[in-house]
Amino acid sequence: MLQATVESLLNYALLSLGIEKAQYKVDIPPKLELGDYATNAAILAARQLKKNPFELAQIISDKVKELDKEKLFSKIEIAKPGFINFFFNESFIQQSTAEIIAKDHAWGQGTRGKGQGSRILLEFVSANPTGPLHVGHGRWAVVGDCIARILKAAGYKVESEFYVNNIGNQVEKLWASVEAARAGQPTPENGYGGAYIKEVKGDNKEAVLQFILGEQKETLGKLGVRFDRFFNESELHEKGEVKEAVSRLEQRHKTIVEGGAIWFKSMEMGDDKNRVLVREDGNPTYLAADLAYHLDKFSRGYDRLINIWGTDHHGYVKRLKAAVEAMGLPAENLEIIIGQLVTLYRGNEPVRMSKRTGEMVTLQEVIEEIGADATRFFFAASDVNSHLDFDLELAKKQSSENPVYYVQYAHARICSIIKKAEGQGARGKGQEDLSGLTEPAERELMLKLLSFPDVVESAARLRHPHRITEYGKEVATVFHHFYEKCRVLGNPARLALVDASRITLRNVLELLGINAPEAM
RNA sequence: GGGCCCGUAGCUCAGUUGGAUAGAGCAACGGAUUUCUAAUCCGUAGGUCGGAGGUUCGAUUCCUCUCGGGCCCGCCA
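Quick notes on the rules
Residues numbered from 1 in each chain as written. Chains lettered and ligands numbered in written order. Predicted model: local features only at pLDDT ≥ 70, side-chain atom pairs only at ≥ 80, totals over all residues. Heavy atoms only, no water. Near = heavy atom within 4 Å. Polar contact = N/O pair within 3.5 Å; in protein donor to acceptor, adjacent residues only side chain to side chain. Helix = DSSP H or I, 4+ residues; strand = E, 2+ residues; numbered from the N terminus. Nonpolar A, V, L, I, M, F, W, Y, C, P; charged D, E, K, R; others polar. Buried < 20%, exposed > 50% of the residue type's maximum accessible area, 1.4 Å probe, protein only. Axes fitted to C-alpha atoms, helices over the stretch in contact; angles between N-to-C directions. Parallel < 35°, antiparallel > 145°, perpendicular 65-115°, else oblique. Left-handed = near helix turned anticlockwise from the far one by under 90°. Contact = heavy atoms within 4.5 Å. Expected span 1.5 Å × (residues − 1). Pairing = 2+ DSSP bridges. Domains from an automatic or database assignment. Buried area = accessible area lost by both parts, 1.4 Å probe. Salt bridge = Lys/Arg side-chain N within 4 Å of Asp/Glu carboxyl O.

**Details of the protein's contact with RNA strand B**
The full set close to RNA strand B counts 69 residues, and K31, H314, D383, Y409 and R413 are the nearest of them. The sugar and phosphate moieties of RNA strand B supply 55% of its atoms located within 4 Å of the protein. A412 places a main-chain nitrogen or oxygen 3.1 Å from a base oxygen of RNA strand B. Interatomic distance of 3.1 Å between a side-chain N/O atom of R487 and a base oxygen of RNA strand B. Here the surface near RNA strand B gets eight residues from one element, more than from any other, and that element is helix α15 (residues 403-423). Residue classes in the surface near RNA strand B are distributed as 28 nonpolar, 23 polar and 18 charged.

**Examining helix α13 (residues 372-380)**
Most of α13 is tucked away: seven of the nine residues are buried. If you check which residues of α13 are buried, you get D373, A374, T375, R376, F377, F379 and A380.

**Side note on the packing of helix α4 (residues 90-103) against helix α19 (residues 492-512)**
Where α4 meets α19, the axes come as close as 9 Å, and the angle between the chain directions of the two elements is 55°. Taken together, the axis directions place α4 and α19 in an arrangement best described as oblique. Of the two elements, α4 crosses α19, and the hand of that crossing is left-handed. Residues T97, I100 and I101 of α4 touch α19, and the partners they reach there are A496, L497, D499, A500, I503 and T504. A breakdown of the residues in the contact of α4 with α19 according to their chemical character gives six nonpolar, two polar and one charged.

**Focus on helix α6 (residues 169-182)**
With 14 residues, α6 should cover 20 Å at 1.5 Å per step; its first-to-last C-alpha distance of 20 Å lies within 8% of that length. What α6 keeps buried is the set Q170, V171, L174, W175, S177, V178 and A180. Those residues of α6 that are buried are in contact with α7 (205-222). At the exit of α6 stands G184, carrying a positive phi of roughly 75°.

**Some points on the sheet that holds strand β9 (residues 261-264)**
Backbone-to-backbone hydrogen bonds join strands into a sheet, with any given pair of strands oriented parallel or antiparallel. Taken together, the three strands give an open sheet; going across it, the order is β8-β9-β10, and neighbouring strands pair in antiparallel fashion. Only two strands of the sheet have a single partner each, and these edge strands are β8 (255-258) and β10 (275-278). Strand-to-strand twist across the sheet, computed as the mean angle between neighbouring axes with direction ignored, equals 45°. Bridging between β9 and β10 involves three bridges; their strand directions are antiparallel. Within β10, the residue paired with W263 across the bridge is V276.

**Brief notes about the domain arrangement of chain A**
Often the size quoted for an interface is simply the accessible area lost on bringing the parts together. Each domain of chain A was delimited in the assignment, giving domain 1 (2-88), domain 2 (119-338) and domain 3 (400-511). When each unit is reduced to the centre of its C-alpha atoms, the spacing between domain 2 and domain 3 is 42 Å. Each partner contributes to the interface: domain 2 provides 12 residues, whereas domain 3 provides eight residues. Interface area for domain 2 against domain 3, summed over the two sides, is near 850 Å², with a carbon-plus-sulfur share of 71%. By the criterion of area lost to domain 3, the three top residues of domain 2 are I147, R149 and I150, representing 52% of everything that side buries. In this structure, the connection of domain 2 to domain 3 is made through two salt bridges. The partner of E335 in a salt bridge is R463, with the nearest N and O atoms 2.6 Å apart. Going through the elements one at a time, α5 (135-153), β11 (304-310) and β12 (334-339) are the ones with two or more residues in the side of domain 2 that touches domain 3.

Structural data, given as structure tokens:
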């Protein structure tokens, strides 16, 4: 919200000066002396107008001062190449902090998001129902769930969906593997030989599928990940949507028949070869079913579809988008997030995660070993574009010093203070007068808290849950710093600030799906 | 051969459309507790941002080349 405050006044100033607005930036400068927020607007505008950036910065900052009727800023300075540095007035910061308490659960929820109220379907995990979820699935589960929470906070209507490939070769192989194991025979070729195969229950293919899916759901539940919908691939076939998808392409002359199979002419759209839609034997391929799935998703009226896929599917993105476009659907509304895989280690030894080996470490085991909160924080805390080396030994060993506990501890500490204060009859809630909060540590904490909506907005826009974990660590750090310097009990204004910190931390943890304990 | 992603402190990772003296946690070392939770705080040390060019007021960020690592290129899903 602070960022937005600076931006709106700045835009107004640029407008009244007749300067065309460039893609300038408003952010927090590296040093305290350089202001609470700073912008490079003058530098960028100067380049376009071929003017001296330093002089232009002076002109713009004078204009902002003139327009700042409410005295939001105590000081506006210009610096070296042409930065404009803004210093907020104490009263504005204090008032804004008081609003945090009034907003409570709504604090942090965006009001600037561009797609307010637009509908998003977020599909993730979508593991094959052929075995337990592995650690990689855990990453997508957590990232997807956090993105859903963040987008909701930013004002979108989000539904989450898990696509179940409950039909096809892999299901046949699964059943064959189960039957073989029960008969004491070796695993069929390309079958599933994991230890879990012997423990699978169910008298037929469908029952086995449901059993495994049930276990997957249970694991996800332990992680706090719940889906609005589990969508069965079989439904697409039953409803004739697979045929419809293929015929849509045929009608648009995007197919060719060759060798008894129907091909999608994806080469026309930049693919290096054409792709089979319907096999020689008349059975549709995974691609055909997936096209039908996306046709189905689009027909449900979402404004945007987001899929989270592992990097092992990245080559498939272009093809799917090309086909979606070829079906006459708005491919620009299909967004695919490609995440890098997780490499699991036990010490220095990599652990395989394949379902075909018996040595698999399941997501379930990881959650049992290090706990759901730590697992969630760990997966949410890194950019999905980076490989993740997950060392089980390390995760266990460091569990008591995991950053998640650092953030949770700050929350627990706050709750303890508030409890004690309430025991003394003090109240930090309501319309406290915060004008006494002038210490540097208090100011630092208020500014940090007040940047929360900006952080949520940016995390939503970039689909970056790790911005939230970073922010949580920052809030905890600044709070602990404040705690060392400022005694709270007996000071109602500080108690209100502590309550605002509690609300912010709790909302941060809520976005991450992590517990906010009142005691530790 | 073609494509996508990554390379930042001893380790695991942040660094937002290019910004000011590159950050955090863990590990290491030295301090802090008569008072609100020490799962905390303060300090020290630790870096040619893989390498080389280029673009410009300014590059960890963008472009080209290069080295190293991961992943993909099925009538599997």
